[in-house]
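One letter stands for each residue in the lines below.
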Amino acid sequence: MSIHVGKEKISQVLDGEILEFNPNNFSENFSIEIEKLTKDRMEFVMRGIEAPLANAFRRILLSDIPTIAIETISIKNNTSVIQDEVLAHRLGLIPINVDPKHFKYRPKQPLQKQDKNSRQESSNATEENTLLFNLHIRCLKKTDWEKIKKSRELLLKKQEQNKEMNIEKEEEEGKENKLKIQIESGSESEDEEEEGEIDERAKECVEKILTQRAKTLINHRVLSSDLVWVPIGNQQTLFPKGIKPVLPDILIAKLNEGQEIDVECEAVKGTGREHAKWCPVCTASYRMLPSIKLKKQLSQKQSKKLVKTCPMKVFDIEDGLLEIKNSRKCTMCRECLRGDFGVELGLVKNEFYFWIESTGIIPPEELFQQALEIFKEKCINLKNNLQNFTKKKEFNENEEEEINFD
Amino acid sequence: MNKSKKLEIQTKNGNLRNATFTIHEESHTLANTVRYVLAHDDDVNFVGYSVPHPSEFKVNVRVQTQQQKSSIERFDQALESLCLVTNSIQDEFKNKLEKFKEEKGIQKEEVDPFVISLKRQLRKEYKKMKAIID
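Quantities reported herein were computed from a predicted structural model and do not represent experimental measurements.

Criteria and thresholds
- Residues numbered from 1 in each chain as written.
- Chains lettered and ligands numbered in written order.
- Predicted model: local features only at pLDDT ≥ 70, side-chain atom pairs only at ≥ 80, totals over all residues.
- Heavy atoms only, no water.
- Helix = DSSP H or I, 4+ residues; strand = E, 2+ residues; numbered from the N terminus.
- Buried < 20%, exposed > 50% of the residue type's maximum accessible area, 1.4 Å probe, protein only.
- Contact = heavy atoms within 4.5 Å.
- Areas by Shrake-Rupley, 256 points an atom, 1.4 Å probe, with all protein chains shown as cover.
- Core = buried A, V, L, I, M, F, W, Y, C linked by side-chain atoms within 4.5 Å.
- Patch = residues over 30% accessible without salt bridge, like charges linked within 9 Å, V, L, I, M, F, W, Y side chains within 5 Å.
- Salt bridge = Lys/Arg side-chain N within 4 Å of Asp/Glu carboxyl O.
- Lys, Arg positive; Asp, Glu negative; His and termini not counted.
- Charge placed at Lys NZ, Arg CZ, Asp CG, Glu CD.
- Axes fitted to C-alpha atoms, helices over the stretch in contact; angles between N-to-C directions.
- Parallel < 35°, antiparallel > 145°, perpendicular 65-115°, else oblique.
- Buried area = accessible area lost by both parts, 1.4 Å probe.
- Polar contact = N/O pair within 3.5 Å; in protein donor to acceptor, adjacent residues only side chain to side chain.
- Nonpolar A, V, L, I, M, F, W, Y, C, P; charged D, E, K, R; others polar.
- UniProt positions renumbered as here; feature names shortened; annotations may be inferred.
- 1 Å grid on protein atoms, 1.4 Å probe; cavity = no way out; pocket = protein on both sides within 12 Å on 5 of 7 lines; lining within 4 Å.
- Points joined across faces, edges and corners; volume = space filled by probe spheres on them.
- Expected span 1.5 Å × (residues − 1).
- Phe/Tyr/Trp six-rings, centres within 6.5 Å; stacked < 30°, edge-to-face > 60°.

Novice: Could you give an account of the overall build of chain B, naming the residues involved and the relevant values?
Specialist: Looking only at helices and strands, chain B has three helices and four strands in total. Going from N to C terminus, chain B has its helices and strands arranged as β-β-α-β-β-α-α. Taken over 134 residues, chain B has a buried fraction of 41%. Look at the contacts in chain B between residues 6 or more apart in sequence, and 52% of them connect residues 24 or more apart. For chain B, the accessible area works out to roughly 8200 Å², and carbon and sulfur atoms hold 47% of it.

Listed below in structure tokens is the structure:
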């Protein structure tokens, strides 16, 4: 190993162990072992690859893979305590469960001055590059809500009875109904939840947890499940199952009685390089695997002491001999270097333990494959540019002098 | 955008042995990897890269080669080997992923017809790009 971890510093010891890089032999020395693969997280080991390549993949995972997130919102009404810009920021950070392959990037448009009454309409917004979401929530008291419910029922009955009313009167009632329907649509789910409770013990727990506010109010918490997708153009056929945020219970805002949020959101494709909301991973990281060597023969007493000092239980005594049982678990705490045990600690230069945690939009194994593809595209793109250059032969004059190593 | 100016090459008196490549819209991701490949190249005397300013999205890569070798050709070769290496990584990852899924008994995903047609398009484009390289 050529990376040596000492008590107080890490040094790179170039003792003739410079690892060669040969693209033709690469696949012979290269191997991947997948350790863990779940819906959201993948852990695997890459051997035979060096830091520049591994770091390139990690950087691409963080910044160059596109996703879709809310970019602009039109606020029709916001009487909540959350300021407009804070609400916009929070909405942008919600991960939306849609494959960005189906969409194109929206070309950027310079900000224009808008009239008082008109909404800023972006002319570049088409069905191919934008997703529309609607969020309309109003918080009411439960008693008021019940009154509204009853009056709505009465109105419906009246409408059935009086079908031969004037057109104007019908329109008025229609408007009132629309308001009430909108208010109702957001809170129906809560009513259903209250009705479907099973255990008595669960009932007690729930009642304890619910604050007084929650007992008397409806819609006092605005969750990500309240974002409603509005399909435009042919999006309904492309996504028959609908588009929702990845998780339904992300808290966006809290409302008190009479407060309302009415917002129309546009979601757009982008990359993590521009804003972290477009990053497809919670984190993608790697660490180098440790290499532990025992340089001295230790007595029985010292061996037992060494086994005790390691907090991760890397060492073990089997058949009276000191063995390195779990080198992978070593966290580089350097406790074993403190005593005089003759332990040599280092990092293996070409073994990387990678882990990728996805936000849920794209599964982690697909993310890594996309990262590899994007890396290849970059190389090919640059190659094409080089070839164009050799054809045109447009070189700039360079004032720098040659650096000599003789 | 500066798409027309992806790459600028600075040489002295048209001597192709020593050149500074200024690559726009790139960062450490590609530059460090290319530098690493060129550092293991026997025909290259000197290679280094820098990011002139973190607010500007470009890198400078300096390549100096042995006599009668073109630095542009070495740079081109380095990119070619990177593509080969990425290919082998892709293949290895695919194989190991399938093996792992078989062992764990994870069922194959449901196939979406839209995704299949997209994959076909992507394969065609990849073949075109491969034809350009070869």
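Next comes the rest of the account.
Novice: Just give me the short version of the nonpolar core, but keep the residues and values in it.
Specialist: If you look at the biggest cluster of nonpolar residues, it comprises 63 residues, and the most contacted ones within it are Phe57 and Phe368 of chain A together with Phe21 and Phe75 of chain B. Not counting the four nearest positions on each side in its chain, Phe21 of chain B is found in contact with Leu386 of chain A together with Leu7, Glu8, Ile9, Val59, Asn60, Val61, Val63, Ser71, Ile72 and Phe75 of chain B. Formed by 26 residues, the second largest nonpolar core is a distinct cluster that contains Phe133, Leu135, Ala253 and Ala267 of chain A.

Novice: Which residues make up a positive patch on the surface, and what values go with them?
Specialist: Residue and element names in this part refer to chain B. A cluster of basic side chains, namely Lys94, Lys119, Arg120, Arg123, Lys124, Lys127 and Lys128, defines a positive patch on the protein surface. It is helix H3 (residues 113-133) that contributes the most residues to the positive patch, six residues altogether. With respect to the helices and strands, Lys127 occurs in helix H3.

Novice: If you had to explain the pattern of salt bridges to someone new, which residues and values would you point to?
Specialist: What the rule picks out here adds up to 29 salt bridges over all chains. Ionic contacts of the salt-bridge type, sharing partners, join the residues Asp64, Arg273 and Lys378 of chain A together with Lys6 and Glu26 of chain B into one network.

Novice: Break down the packing of helix H1 (residues 28-39) of chain B against helix H2 (residues 71-104) of chain B for me, citing the residues and quoting the values.
Specialist: All names here are of chain B. Between H1 and H2, whose axes approach to 9 Å, the crossing angle comes to 105 degrees. One finds that H1 runs roughly perpendicular with respect to H2. On H2, the residues touching Thr33, Val34, Val37 and Leu38 of H1 are Arg74, Phe75, Ala78, Leu79, Ser81 and Leu82.

Novice: Could you give me a rundown of the interface of chain A and chain B, with the residues and numbers involved?
Specialist: Counting residues at the interface gives 56 residues for chain A and 59 residues for chain B. Counting the surface lost from both chain A and chain B, the interface buries some 5800 Å², and carbon and sulfur atoms represent 68% of this. At the junction of chain A with chain B, the criterion picks out four salt bridges. Lys383 of chain A is the partner of Glu80 of chain B in a salt bridge, and the nearest nitrogen-oxygen pair spans 2.6 Å. At the junction of chain A and chain B, the tally comes to ten residue pairs in polar contact (both at pLDDT 80 or more). Taken together, the elements giving at least two residues each to the side of chain A that touches chain B come down to helix H1 (26-29), strand E3 (31-37), helix H2 (51-63), helix H11 (364-392) and strand E17 (396-397) of chain A. Counting residues per element, the side of chain A that touches chain B draws most heavily on H11 of chain A, at 19 residues. Tallied by class, residues from the side of chain A that touches chain B come to 28 nonpolar, eleven polar and 17 charged.

Novice: So what's going on with the UniProt feature "domain: DNA-directed RNA polymerase RBP11-like dimerisation" (unreviewed entry) in chain B? Which residues, and what values?
Specialist: Sequence positions flagged by UniProt for "domain: DNA-directed RNA polymerase RBP11-like dimerisation" (unreviewed entry) are, in local numbering, residues 19-91 of chain B. Across residues 19-91 of chain B one finds 45% helix and 29% strand; the C-alpha atoms that close the span lie 35 Å apart.

Novice: Break down the environment of Arg58 of chain A for me, with residues and values.
Specialist: Residue and element names in this part refer to chain A. With respect to the helices, strands and loops of the structure, Arg58 is situated in helix H2. Taking the relative accessible area as the measure of exposure, Arg58 reaches 21% and is therefore partly exposed. Distance from Arg58 to Ser291, taken between C-alpha atoms, is 23 Å for residues 233 residues apart in sequence. When residues no more than four places from it in sequence are discounted, the contact partners of Arg58 are Ala284, Ser285, Tyr286 and Phe354.

Novice: Lay out empty space enclosed by the protein with the relevant residues and their values.
Specialist: All names here are of chain A. Applying the stated criterion across every chain, the model contains two cavities of 30 Å³ or more. Within this model, the largest cavity holds a volume of roughly 70 Å³. Lining the largest cavity are 13 residues, with Cys310, Val314, Cys330, Cys333 and Cys336 positioned closest to its centre. Considering only residue class, the lining of the largest cavity consists of ten nonpolar, one polar and two charged.

Novice: If you had to explain the packing of H2 of chain A against H11 of chain A to someone new, which residues and values would you point to?
Specialist: Residues and elements named next belong to chain A. With their axes 9 Å apart at the nearest point, H2 and H11 run at an angle of 110 degrees to one another. The angle between H2 and H11 falls in the class roughly perpendicular. Together, Leu53, Ala56, Phe57, Ile60 and Leu61 of H2 and Leu367, Phe368, Ala371, Leu372, Ile374, Phe375 and Lys378 of H11 make up the contact between the two elements. Residue composition of the contact of H2 with H11, grouped by class: eleven nonpolar, no polar and one charged.

Novice: Let's hear about unusual backbone geometry: which residues, and what values?
Specialist: Within the chain, Met332 of chain A stands out as a residue other than glycine whose phi angle is a positive 65 degrees. Relative to the assigned elements, Met332 of chain A resides in the loop between strand E15 (321-324) and helix H10 (335-338).

Novice: Can you explain H2 of chain B? Please cite residues and give values.
Specialist: The end-to-end C-alpha distance of H2 of chain B is 49 Å, a good match for the 50 Å that 34 residues give at a rise of 1.5 Å each. Two or three places before Ile72 of chain B, at the start of H2 of chain B, stands the capping residue Ser70 of chain B, its side-chain oxygen 3.2 Å from that residue's backbone nitrogen.

Novice: Pulling in residues and values, what's your account of the side chain of Asp41 of chain B?
Specialist: Tracing the sequence through the fold places Asp41 of chain B in the loop between H1 and strand E3 (44-50). A polar atom in the side chain of Asp41 of chain B sits 3.2 Å from the backbone nitrogen of Asp43 of chain B.

Novice: Describe the packing of aromatic side chains, and please don't skip the residues or the numbers.
Specialist: All names here are of chain A. In total, this model carries 16 aromatic pairs over all chains according to the counting rule given. For the ring pair Trp229 and Phe239, a centre distance of 6.2 Å and an interplane angle of 80 degrees mean the geometry is edge-to-face. Of this pair, Trp229 sits in strand E10 (residues 228-230) while Phe239 sits in the loop between helix H8 (235-238) and strand E11 (251-254), placing them ten residues apart in sequence. In this structure, Trp229 and Phe239 share a single accessibility class: buried.

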